[in-house]
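Fold and contact review
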There are 2 protein chains.
Amino acid sequence: MLEGLNKKIASLKPLFEPASIAIIGASADLRKPSGQPVAALVNNGFAGRIYPVNPKYKEINGLKCYPDPASIPGPVDLAIIAVPAALTLQALKDCAAKGVTGVIIFTSGFGEVGEEGKRQQDELARVAREAGMRLCGPNCMGIFSAHNRLMANFAVMELPGRVLIKDFFGFVSQSGGFGAAIYQTVKERGIGFSHFISTGNEADVEFSEYLAYMAGDSHTKVIGGYLEGVKNGRQLVEAADLALQVRKPVMLIKAGKFAPAARAAASHTGSMVGSEKVYSSFFRQKGITRVESLEELVMALSILAAGKLPGGNRVAVLATSGGRGVMLADKCSEFGLDVVNLAPETRARLDQLLPSFASTANPVDITSQIMTHPGLLQSCAEIVLSDPDVDAMVVAYWALHGDTTNLDQMINVSRNSSKPVVNLVWGLEEATLKAIHYLQDQLVPATQQAEYAVKALGNLSRYSMYLAKRAHEAPASPVPEDSLRRAAEIMAEAKQDGRLAEHRAKSVLREMGIPTTREELATTLEEALASAGKIGYPVALKIDSPDILHKTDAGGLFLNVKTPGELAEKYPQILANANNYNQGAKINGILVQEMLPPGTEVIVGIARDETFGPTVVFGLGGIFVEALDDIAVRVAPLTPTDAREMIEEVKGYRLLQGMRGAPAGDIDAIVEVILRVSQMAMNLPALAELDINPLMVYPRGIIAADAVIILKDNAGSQESSNQ
Amino acid sequence: MLEGLNKKIASLKPLFEPASIAIIGASADLRKPSGQPVAALVNNGFAGRIYPVNPKYKEINGLKCYPDPASIPGPVDLAIIAVPAALTLQALKDCAAKGVTGVIIFTSGFGEVGEEGKRQQDELARVAREAGMRLCGPNCMGIFSAHNRLMANFAVMELPGRVLIKDFFGFVSQSGGFGAAIYQTVKERGIGFSHFISTGNEADVEFSEYLAYMAGDSHTKVIGGYLEGVKNGRQLVEAADLALQVRKPVMLIKAGKFAPAARAAASHTGSMVGSEKVYSSFFRQKGITRVESLEELVMALSILAAGKLPGGNRVAVLATSGGRGVMLADKCSEFGLDVVNLAPETRARLDQLLPSFASTANPVDITSQIMTHPGLLQSCAEIVLSDPDVDAMVVAYWALHGDTTNLDQMINVSRNSSKPVVNLVWGLEEATLKAIHYLQDQLVPATQQAEYAVKALGNLSRYSMYLAKRAHEAPASPVPEDSLRRAAEIMAEAKQDGRLAEHRAKSVLREMGIPTTREELATTLEEALASAGKIGYPVALKIDSPDILHKTDAGGLFLNVKTPGELAEKYPQILANANNYNQGAKINGILVQEMLPPGTEVIVGIARDETFGPTVVFGLGGIFVEALDDIAVRVAPLTPTDAREMIEEVKGYRLLQGMRGAPAGDIDAIVEVILRVSQMAMNLPALAELDINPLMVYPRGIIAADAVIILKDNAGSQESSNQ
């Protein structure tokens, strides 16, 4: 996987590191999109060669202008195409003929305007692919890279003036205008971009590939993006894995959480918005922070730019008013931070400094005494930060006009500690803004808005804990090759049926090492009686047919059959019922099965997501799934931690933990089943869907009581797999 | 109730409308808390008489200073006491002797510092009460009222300079410092306060009474507060009802949503924080907006100050970038706004104005064409606002330096429509702030932060819909007096038991008109057989004892008894089991009861909240309540709408709506039960708790299958009422 990814990343190099650029359709009007790069590349001192191309001009902005790509004397790495839509294909072909390896197409009027545009866009992609060119766009604003002054876009026309931290943030946007606005806003805070990319219609290079490029790129420390939807979720998985491997935080703004926005996103760029449930689960699975506002993004970047990542989620709150501290404590709890009890020594040290009407419990109320006691704020903050149970601190104080005493103290505090400190400065507008700028200029995170600050801190602590939790994770134990091969053979035998009914599905599960009920398939009453004798009464009788998924509805299920006499009575009934229910149904036989003792019923399965492909689902049986949609999902493959987290995620988890004196279920055993199911999803290509329902969970061990497997070609047949 | 409330409100008049003020312990240092009111009352032109009182001075700030209250020549309505804690009681007694009717005690060192302080505070309250004085504080910052320039505090020292809307916002704060900071911040936006009150320790006048005063006061249009907890929830109910009656929105910041903040609030002011669940349910019940940040509060005030309240929650989003619009649509959905489909005519009119690459679906992407087409923004905004399906609009655009074209258009739009329009201006900091001020100065709601703006709009739409929904609500039909009297008699008969076991509890329910199972209490086997004969087999047999609440645990329950023979066998068993379980238990007899057909099991009950008193609870039986805490609560009494909303609130509601082909439950019948239970809570003073569990719900009708009533004196006995 990684090799393929590295190859993809390498193929993007001409888009980001060209030694020469041609601007096809360059305008002499340098304010037009087709003129802006010509101006910006020259003005900002791009070090490579710049070739405007336009038969109308001899020269643009002091550069010789060429009539066509062919007439450019030297090689061209990157071409920007900014000609009308009707001329774009020819321009692209000209680039191919010239040996160009990277192309950015500004031109719009393709996939975003309908079917005919989509067809033309596919043709662009085909030409690029055949010529070995990578293509950004069409309908995009292009690419900006800071380190080499690559102004191959019409959104960023000059290098930022004030940069407090260089080569830091790489941002990929599926919206040009929104992305450019985010660029402007973040840039103003002094946070340097490594790259800004407007991806446009993604005819060739997709969002995830740019993310992967950022992960592999030495200029980028933190990765961000505005995402409406990816076409190929597997590429996003790869990019996310690479970012995790190199420990670069990924923060994405993902549109379409709710239906109206999802509809709008789908219609306005034609992008696949995908399932919100799967996306949000995937973000959690891969430690990706979903950012919900620009302000929150900026605050997270400020904390990271200061070189801080909280070691965990234990936070201390310091405020100059009791009420403010209480409200901040609530915000911290809301966003997943733990407002910890301070150590007795910490409190004792604070008690020595603070008046009796202060509170040295967390949230610490340091009172307005900081106005009259210079140094008090810094001392208290340092004492609290030195508490080993504190991972981060939020400090709130009132902005004073023209007095930087508190600010200077907090700058010292920030410098002297490796723990993040967020300054919440509030007060009258002018004084507040001045104070915030004063702090920000020293790379000290500061804002007026508690909500955004605390949310950003909560997100970073979640990311940090995510990394810690997975740092020493043992990989899932692999299912032996032989077992996978045998499972594939069993599935191949059922190819014509399109599905594996219970008995066969369970034999696959057994190959995977998943315990199932003891059972035998009988095709005559005599066989059934013999089987029941072996298994021991009472038994369950079930119709086994790939054409009957809802056994209960079909009258194809008798539980608790106690005697041979009862069995002999039910056997013909079950066949008759099945025949009534579905006359042409293929009947494999009657399954004679042990009766299981009661336990907690859960569901483990495989579903195919249109974006991400194979996913593993988990939920509790009965009303949890049916009435509450209480189901967890992860993109395959899963790690043991993923499996455990998805179990803990469902509301019904409390039932598995043991309730009202009932014993706890064997969570480890469920984890193991989920991991094996994950491997089935990845390694059995014929498998489309799996439903183990129920998987019986006991204090020690689990048993698959019923299962069905849907094969790939028949995934869309009439009866749903939800039995 | 209203009469009592009006009397309370009238009693606060000396605190808010004094004709004369004494400042006991006035300081000649006008920067000290005890000097500030002397300065501020004079400087701001308070029209009444001002009497500094301090034996140390002859004169303060040009006013004659008196040695003690007694030597003041005229009457004194209001006294501010700012003497040391040890002298406070005497000062209060002096005020009483002088005939003062309102007192504000700044002095701290009472209830907030421990048991002795609490005792002294109780003494202050006693003296005030006996003298007929109302007391604000101690440990407070006092009261500010704008219309009469009442600077009876040490937080607000001057009248605000720029007031865009006068006599508007009344704010009551349980935190002095936090409240004063909120005052400063809101004031800076040009929003005028009617009153600002720092309530301190609330030895006498409580938070809710100030709220009620604001509701009754002609200077206040919108009521706000910072609340940690009230002592007497019933007073808060009264205040909320009065505010609803006069249609003044109430917006409260409530601390203690999560445990750490709740602990801190409880310890630092000694206030009762109460149950988060009950508070949040109460807010919903009374249309009170819970504000979670200052920014959100300010935005809501801006919208209200512009004289706008959305008619409903249907919102249109207009943005100059597709991505921004999509993100805003998600925010709207998140905060309860409905991003509606625009009418075809609206879209057709927009289509005529906008280019083909714009989107006229909601969110509307008007594109950056507004930069080049003056008037386009206003035209589009007006077209969208004129859509009858749109209640409010959110407009987002980029701030331009020194160009007010868009702003002027949006000011026009705001002026020409009765629907709220929120301007989200974003961009580089300076340009954005200028643009926002430009709009705010015209009372046009504007901000940079989408989150706060959309949340505020969502809250106001919820308030508006709350009012509409209850505007024509029929009151609950009252339970006849006779029935209540008989129910009280039945309860009185069980006084010694402390509880009403099932049979008696159900006879109370029947008096309330709540259907129950057909059943008879038997004390001999013969009676039991006769009862079963009447009721018809199969029957249920249950032990009926006030001392055995958990019948199943006690082996005191046999279901589905099919024959007289079986009954004769079980009857002695049930008695033996009960005797084994609890030897001294009082046995009323054996309940012979009809077996009910299966239905959806719900729970309706009465619980006592330490703050609010009687509350009504509702939930679905089984795991919903047990594993998911899926229970709704309302403070009694409930209206029919309250009852319906609490049913709709629980997650298990989907089961009642009918699932997987099962018929829907009779919601109307549950509403009726809840309303009768609410009347029991209000009109049966001996009743502490009630638990109807289960109430069986059928497609038509409901039946109480089991019930228990706990009487007041015994509410705290060993066995819980949760059976």
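Model, not experiment: these values are computed from the prediction. (Residues numbered from 1 in each chain as written. Chains lettered and ligands numbered in written order. Predicted model: local features only at pLDDT ≥ 70, side-chain atom pairs only at ≥ 80, totals over all residues. Heavy atoms only, no water.)

**Quick notes on the environment of Gly498(B)**
Residues and elements named next belong to chain B. To keep things clear, this is the line we draw: Elements are defined by DSSP. Helices are runs of H or I of four residues or more, strands are runs of E of two residues or more, and each kind is numbered from the N terminus. With a 1.4 Å probe rolled over the protein chains alone, any residue whose accessible area is under 20% of its type maximum counts as buried; one over 50% counts as exposed, and the rest are partly exposed.
On the secondary structure map, Gly-498 appears in the loop between helix 18 (481-493) and strand 21 (499-500). Among the residues examined, Gly-498 registers a relative accessible area of 0% and is labelled buried. Separated by 117 residues in the primary sequence, Gly-498 and Ala-381 place their C-alpha atoms 66 Å from one another.

**Here we look at the relation of the copies chain A and chain B**
Quick note on the threshold: A least-squares superposition brings the copies together, and it is based on the C-alpha atoms of residues with pLDDT no lower than 70 in both. Pairs of residues are marked as contacts when any of their non-hydrogen atoms sit within 4.5 Å.
Rotating chain A by 180° and translating it 0.0 Å along the rotation axis places it on chain B, where the RMSD comes to 0.1 Å. The superposition of one copy onto the other is thereby described by a two-fold rotation axis. Of the interface residues in chain A, 100% have counterparts in chain B that sit at the interface too, so the contact is made through matching surfaces.

**Thoughts on the side chain of Lys455(A)**
Rules: Side-chain atoms alone can form a polar contact between residues adjacent in sequence; in general such a contact is a pair of N or O atoms within 3.5 Å, and within protein one must be able to donate a hydrogen while the other accepts it.
Within the fold, Lys455(A) resides in helix 17 (residues 450-471). A polar contact is formed between the side chain of Lys455(A) and the side chain of Glu296(A), at a distance of 3.4 Å. The residues contacting Lys455(A), other than those within four sequence positions of it, are Glu292(A), Glu296(A), Phe335(A) and Glu451(B).

**Side note on the packing of aromatic side chains**
Residue and element names in this part refer to chain A. Quick note on the threshold: Between the rings of Phe, Tyr and Trp (Trp by its six-membered ring), a pair exists once the centres lie within 6.5 Å; its type follows the angle of the planes, with under 30 degrees stacked, over 60 edge-to-face, and the other angles tilted. Geometrically, a lysine NZ or arginine CZ counts as sitting over a ring once it is within 6 Å of the ring centre and also within 35 degrees of the ring normal.
Overall, the coordinates contain 35 aromatic pairs over all chains when judged by the stated rule. Considering the side-chain rings of Phe-16 and Tyr-210, the 6.4 Å spacing of their centres and the 75° angle between planes classify their relative orientation as edge-to-face. Within this pair, whereas Phe-16 is found in helix 2 (residues 13-16), its partner Tyr-210 is found in helix 7 (residues 207-216), the two being separated by 194 residues in sequence. Owing to a relative accessible area of 0%, Phe-16 belongs among the buried residues under this scheme. Members of the aromatic cluster, joined through ring pairs, are Phe-144, Phe-169, Phe-171, Tyr-183, Phe-193 and Phe-196. Over the aromatic face of Tyr-279 sits the side chain of Lys-254, whose NZ or CZ is 4.3 Å from the ring centroid.

**A closer look at helix 7 (residues 207-216) of chain B**
For helix 7 of chain B, a buried count of nine out of 10 residues is recorded, marking the element as mostly surrounded by other parts of the structure. Along helix 7 of chain B, the positions that sit buried rather than exposed are Phe207(B), Ser208(B), Glu209(B), Tyr210(B), Leu211(B), Ala212(B), Tyr213(B), Met214(B) and Ala215(B).

**A closer look at the environment of Ile60(B)**
Residue and element names in this part refer to chain B. Among the structural elements, Ile-60 can be located in strand 3 (residues 59-60). For Ile-60, a relative accessible area of 1% puts it in the buried group. Along the sequence, Ile-60 and Ala-39 sit 21 residues apart, while their C-alpha atoms lie 8.7 Å from each other. With sequence-adjacent residues up to four places away left out, Ile-60 is seen in contact with Ala-26, Ser-27, Ala-28, Leu-30, Val-38, Pro-52 and Cys-65.

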